[in-house]
Amino acid sequence: MTALLAGLPAQEPDKIIRLMSMFAADDRPGKIDLGVGVYRTETGETPILKAVKTAEARLLDAQLTKGYTALSGDPAFHRAMADLVLGNSVPQGQIAALATPGGTGAVRQGLEMAIRANPDMTLWLSAPTWPNHPAIAAAMDVPVRTYRYYDPATGIADLSAMLDDLAQAKTGDVVLLHGCCHNPSGADLSRDAWEEVARLCGRLGLLPMVDLAYQGFGDGLEADTAGLRHLATAVPEMLVAVSGSKNFGLYRDRVGILLACCPDGATRDRVAGTMDWLNRLSYAFPPDHGARVVTTILTDPDLRQSWESELDAMRLRLIQMRQALSAELGRITGTDRFEKLRHQRGMFSLLGATPDQVAALRTDHGVYMVGDSRINLAGLTIETVPSAAAAIAAAMT
Ligand SMILES: Cc1ncc(COP(=O)(O)O)c(C=O)c1O
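Reading the values: the criteria
Per chain, residues are indexed from 1 in the order of the written sequence. Side-chain atom pairs in this predicted model are given and counted only at pLDDT of 80 or more, local residue features only at pLDDT of at least 70, and totals for whole chains, interfaces and linings cover all residues. Computation of side-chain values covers all heavy atoms of the structure but excludes hydrogens and water. Here a residue is near a molecule or strand as soon as one of its heavy atoms is found within 4 Å of it. A 3.5 Å cut-off defines polar contacts: any pair of N or O atoms within that distance qualifies, except that in protein one atom must be a possible hydrogen donor and the other a possible acceptor, and neighbouring residues in sequence count only when both atoms are side-chain atoms. What sets the accessible areas is the Shrake-Rupley method with a 1.4 Å probe; for residues, cover comes only from the shown protein chains. Helix numbering and strand numbering both begin at the N terminus, where a helix is a DSSP run of H or I of at least 4 residues and a strand a DSSP run of E of at least 2. Under the grouping applied here, Gly and all other residues not named as nonpolar or charged are polar, the nonpolar ones being Ala, Val, Leu, Ile, Met, Phe, Trp, Tyr, Cys and Pro and the charged ones Asp, Glu, Lys and Arg. Aromatic rings from Phe, Tyr and Trp, taking only the six-membered ring of Trp, are treated as a pair when their centres fall within 6.5 Å; an angle between ring planes under 30 degrees marks them as stacked, one over 60 as edge-to-face, and anything in between as tilted. Each residue's exposure class comes from its accessible area (1.4 Å probe, protein chains only) as a fraction of the maximum for that residue type: buried when under 20%, exposed when over 50%, partly exposed otherwise. Within this document, salt bridges are pairs made up of a side-chain nitrogen of Lys or Arg and a carboxyl oxygen of Asp or Glu, the two lying within 4 Å of each other.

Enquirer: Is there a simple way to explain the site of the ligand in this structure?
Expert: Around the ligand, the neighbouring residues are Gly 102, Gly 103, Thr 104, Trp 130, Asn 183, Asp 211, Ala 213, Tyr 214, Ser 243, Ser 245, Lys 246 and Arg 254. Contacts to the ligand include Thr 104, whose side-chain N or O atom sits 2.5 Å from an oxygen atom. A distance of 2.6 Å separates an oxygen atom of the ligand from a polar atom in the side chain of Ser 243. Alone, the ligand offers 400 Å² of accessible surface; in the complex the protein occludes 90% of this. Broken down by element, the residue count for the shell around the ligand peaks at three residues, all from helix α4 (residues 102–117). Residues belonging to the shell around the ligand are distributed by class as follows: three nonpolar, six polar and three charged.

Enquirer: Looking at this structure, how should I read the packing of aromatic side chains?
Expert: When we look at a pair of aromatic rings, we describe it by the centre distance and by the angle of the planes. In the structure shown here, the tally under the stated rule is seven aromatic pairs. A centroid spacing of 5.1 Å and a plane angle of 90° characterise the contact between Phe 23 and Tyr 368, whose relative ring orientation is edge-to-face. Of this pair, Phe 23 sits in helix α1 (residues 15–25) while Tyr 368 sits in strand β12 (residues 367–368), placing them 345 residues apart in sequence. For Tyr 368, a relative accessible area of 4% gives the class buried. An aromatic cluster of three or more residues is present, and its members are Tyr 39, Tyr 214, Phe 217 and Phe 348.

Enquirer: Please clarify how the pattern of salt bridges should be interpreted in this entry.
Expert: Where charged atoms from two side chains of opposite charge approach closely, those side chains can pair. Within this structure, the stated rule accounts for 19 salt bridges. Here Arg 229 and Glu 222 are joined by a salt bridge, their closest N and O atoms 3.1 Å apart. Classification of Arg 229 by relative accessible area gives buried; the value is 14%. Exposure remark for Glu 222: the relative accessible area of 55% places this residue in the exposed category. When salt bridges with common partners are traced through the structure, they connect Asp 74, Asp 288 and Arg 292 into a single cluster.

Next up, the structure:
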């Protein structure tokens, strides 16, 4: 008897999922979870947004069929999302769109398309980046190079190092950029930096692929897309992988979309055909429920207003936690070492702790974070900031 399956190479368990089970098994009452990347309220919940509940109730009532959609998903979802993300930066007739299972699905399908357009491509990733980026590329045998991005000394993006490294890219290479709220550093590109990156992509003929998983979590819905919208006007072709997991709180419903900005209608049609085919060979039709909820919210003025104010509240809470933690750490340590937390944006920042310090924070203080010392600011509350700061200061000094 052959035992083929037993010969499968062992895969590393997901680090964050392992961290979640360690946290669950910890019975200390004051434990704090800064690990997993979901938004939490001041009371520690990841609630269903009111606009989502209402849209779901409407759908339940009005939906008459669960028949298949199109392979690329619902055209109304495409329009609503293209409008949310790209605004007027690209003419409608030049945008191809593909509904995907979450932003992860969009990243995957974007890379599947890019490698078919140019089998010689290299994928350029920021150092550091979301660990799924290199993991997906490795699974697809896409060659990866990294460009310097986050400067731990200053807590901001190092544009000149980034441009120096990307200057080595060759025509047709793909540059993956975080649209806003860089994961894991929280350090975003300034408007001037986006313009420089756009010029470089144009000059070298690089294909930018923007990963947008946190629109609305940084400085607001419009501000968070200003950079990528500029890029869209400055280069002939661009991909955007969008997630609806965080800003609509639809994590498990798997809402995502891949947008391709094309130079003309003929290219758009060619890309759309490739997109249909990619979905068909992967899972045929994309998930529809969450996408339809999002479309309902974005196209109904009252629901949209309700969603935008809930999103604003999430954004402001993240900023409040950044300010509180940075102030408390400044007070305890008497240094401006953690000042950067206040200027960074989104759910994540890197504390700059060593792996030993991260382990000590977990075992000695019950404060859980990812091994690279990435913290999720939404894991804090006004009540827990003092104890988290005390633990961080104790472990890191
Ligand atoms: C940078 C980045 N891209 C994409 C995603 C995709 O999320 P999802 O597949 O859950 O929509 C995430 C989620 O953590 C992320 O942080």
